[in-house]
Amino acid sequence: MTFLTSEAIDHVLAVRSAEVSAMSATLMELDDHPGLQHLRRYPPTGETAARWAVIEPSLARLWDNLGHATTIVDSARAVRGRRPKLPNAERAELTRLLFGRPLEVARRAIPLGQRRITDPAEVVEYIGLADIVGRMHEAYPAVAGFLDAVDAIDTLIARRLASSQSRLGDAGLADVPEIGELLRASAVDPLGLTPAAVDGHVAAIEGSIERRIAEAAELVALQTNWTAALDATAARLDVLRDAGQGLL
């Protein structure tokens, strides 16, 4: 049997250790992703829920696979130790750990009717570092892309509402109902909103703000000119009374 040399083992172990460290750092960063934080705050519905039903298991498998890779690398480090040269038994074990499929991850029983008389009663799945790294490379883009899409809608809405909320604040007005409707919709189903749909909501909000500002201006004008308006109304009533008396 051919075994790796101590030098080759050290090189491969260093490469795999660096990969595991990088994957761990990336998943930790992903765990703080604004899109994931959004989903933790607001259980999704609609389009977002349908897509999350696919992505959530993929995210869980990423963490599971990281755990598997860490287990194998830690085992290899323990076997390697600090000795400059390794005996054949340790070299064989490290070759198996670094290049084979040393980790059992699943067992599945085979029903009697589905196997031949000489077949085993169960199938055991083993994986190795190459399998794990390949799976994680394949799964990661869809998970990160989904979370980025959730965050992109949140960011778009926050940016588009900033000027509307500023106008309301400058006018001393409370939020218009349309803002609450948009925020409620985006909370539970952000991916149910396209940029065009967000534009439509914001246009409705701007129209409502215009009406609220105009109404407030009219109220201020009425309050400011209240005495004059009362005098003018009284004068008109006097004219009407005088006119009525003249007709008697």
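In what follows, the accompanying structure is described. Please read these numbers as outputs of a predicted model, since none were measured by experiment. (Residues numbered from 1 in each chain as written. Predicted model: local features only at pLDDT ≥ 70, side-chain atom pairs only at ≥ 80, totals over all residues. Heavy atoms only, no water.)

1. Some thoughts on the overall build of the protein
For step 1, the next point in the chain: Counting its secondary structure elements, the protein contains 8 helices and 2 strands.
For step 2, the next point in the chain: Along the protein, helices (α) and strands (β) appear in the sequence α-α-α-α-β-β-α-α-α-α when read from the amino end.
For step 3, the next point in the chain: When burial is assessed residue by residue, the protein has 29% of its 248 residues classed as buried.
For step 4, the next point in the chain: Taking the contacts inside the protein whose residues are at least 6 apart along the sequence as the reference set, 73% of them involve residues at least 24 apart.
For step 5, the next point in the chain: For the protein, the exposed area adds up to about 15,000 Å²; of that, 59% sits on carbon and sulfur atoms. (Helix = DSSP H or I, 4+ residues; strand = E, 2+ residues; numbered from the N terminus. Buried < 20%, exposed > 50% of the residue type's maximum accessible area, 1.4 Å probe, protein only. Contact = heavy atoms within 4.5 Å. Areas by Shrake-Rupley, 256 points an atom, 1.4 Å probe, with all protein chains shown as cover.)

2. Some details on the packing of aromatic side chains
What characterises a pair of aromatic rings is the spacing of the ring centres plus the angle enclosed by the ring planes.
For step 1, the next point in the chain: One pass over the full model with this rule turns up 1 aromatic pair.
For step 2, the next point in the chain: Aromatic pair Trp52 and Phe146: ring centres 5.6 Å apart, planes at 15°, arrangement stacked. Taken together, the positions of Trp52 in helix H3 (residues 46-80) and Phe146 in helix H5 (residues 129-171) put the pair 94 residues apart, joining distant regions of the chain.
For step 3, the next point in the chain: Look at Trp52 and you get buried, because its relative accessible area is 12%. (Phe/Tyr/Trp six-rings, centres within 6.5 Å; stacked < 30°, edge-to-face > 60°.)

3. What to know about helix H4 (residues 88-99)
For step 1, the next point in the chain: Between its first and last C-alpha, H4 extends 16 Å over 12 residues, near the 16 Å set by a 1.5 Å rise per residue.
For step 2, the next point in the chain: Among all positions of H4, only Arg91, Leu94, Thr95, Leu97 and Leu98 are buried. Projection of H4 onto a plane perpendicular to its axis shows the buried side chains occupying an angular sector of 170°, all on one side. (Expected span 1.5 Å × (residues − 1). Arc of directions from axis to C-beta.)

4. Notes on the side chain of Ser164
For step 1, the next point in the chain: In this fold, Ser164 is placed in helix H5.
For step 2, the next point in the chain: Owing to a relative accessible area of 0%, Ser164 belongs among the buried residues under this scheme.

5. Some thoughts on the packing of H3 against H4
For any two helices packed against each other, one specifies the inter-axial angle together with the distance between the axes.
For step 1, the next point in the chain: Between H3 and H4, the shortest axis-to-axis distance is 10 Å and the interhelical angle comes to 165°. In terms of axis orientation, H3 runs roughly antiparallel to H4. Crossing of H3 over H4 shows left-handed handedness. Residues Ile72, Ser75, Ala76, Val79 and Arg80 of H3 form the contact with H4, whose own contacting residues are Glu90, Glu93, Leu94, Leu97 and Leu98.
For step 2, the next point in the chain: Residue composition of the contact of H3 with H4, by class: 6 nonpolar, 1 polar and 3 charged. (Axes fitted to C-alpha atoms, helices over the stretch in contact; angles between N-to-C directions. Parallel < 35°, antiparallel > 145°, perpendicular 65-115°, else oblique. Left-handed = near helix turned anticlockwise from the far one by under 90°. Nonpolar A, V, L, I, M, F, W, Y, C, P; charged D, E, K, R; others polar.)

6. Focus: the packing of helix H1 (residues 6-31) against H3
For step 1, the next point in the chain: In contact at an axis separation of 10 Å, H1 and H3 are set at 150° when each is read in the N-to-C sense. As summarised for this structure, H1 and H3 are arranged roughly antiparallel, according to the angle between their axes. Our pair here, H1 against H3, has a crossing hand that is left-handed. In this structure, H1 contributes Ile9, Asp10, Leu13, Arg16, Ser17, Val20, Met23, Ser24, Leu27, Met28, Leu30 and Asp31 to the contact, and H3 contributes Leu59, Leu62, Trp63, Leu66, Ala69, Thr70, Val73, Ala76, Arg77 and Arg80.
For step 2, the next point in the chain: Among the residues forming the contact of H1 with H3, the class breakdown is 14 nonpolar, 3 polar and 5 charged.

7. Overview of helix H2 (residues 34-41)
For step 1, the next point in the chain: The set of residues buried in H2 consists of Gly35, Leu36, His38 and Leu39. Viewed along the axis of H2, the buried residues span an arc of 155°, placing them on a single side of the element. Relative to its buried face, H2 has exposed residues pointing more than 90 degrees away, namely Arg40 and Arg41.

8. Here's the deal with the environment of Pro44
For step 1, the next point in the chain: Note that Pro44 resides in the loop between H2 and H3.
For step 2, the next point in the chain: Each C-alpha atom of the pair Pro44 and Pro190 lies 8.4 Å from the other, and the pair is 146 residues apart in sequence.
For step 3, the next point in the chain: Beyond its immediate chain neighbours, meaning those up to four positions away, Pro44 contacts Leu39, Ala49, Trp52 and Val188.

9. Some thoughts on the pattern of salt bridges
For step 1, the next point in the chain: Summed over the entire model, instances satisfying the criterion amount to 13 salt bridges.
For step 2, the next point in the chain: A salt bridge links Asp10 to Arg80; the shortest N-O distance between them is 2.5 Å. Of this pair, Asp10 sits in helix H1 while Arg80 sits in helix H3, placing them 70 residues apart in sequence.
For step 3, the next point in the chain: For Asp10, a relative accessible area of 33% puts it in the partly exposed group.
For step 4, the next point in the chain: For Arg80, a relative accessible area of 8% corresponds to the buried category.
For step 5, the next point in the chain: Arg83 is paired through a salt bridge with Glu90; the nearest N and O atoms lie 3.8 Å apart.
For step 6, the next point in the chain: Residue Glu90 is classed as partly exposed on the basis of its relative accessible area, which comes to 21%.
For step 7, the next point in the chain: A cluster of three or more residues bridged by salt bridges with shared partners is formed by Glu104, Arg107 and Glu122. (Salt bridge = Lys/Arg side-chain N within 4 Å of Asp/Glu carboxyl O.)

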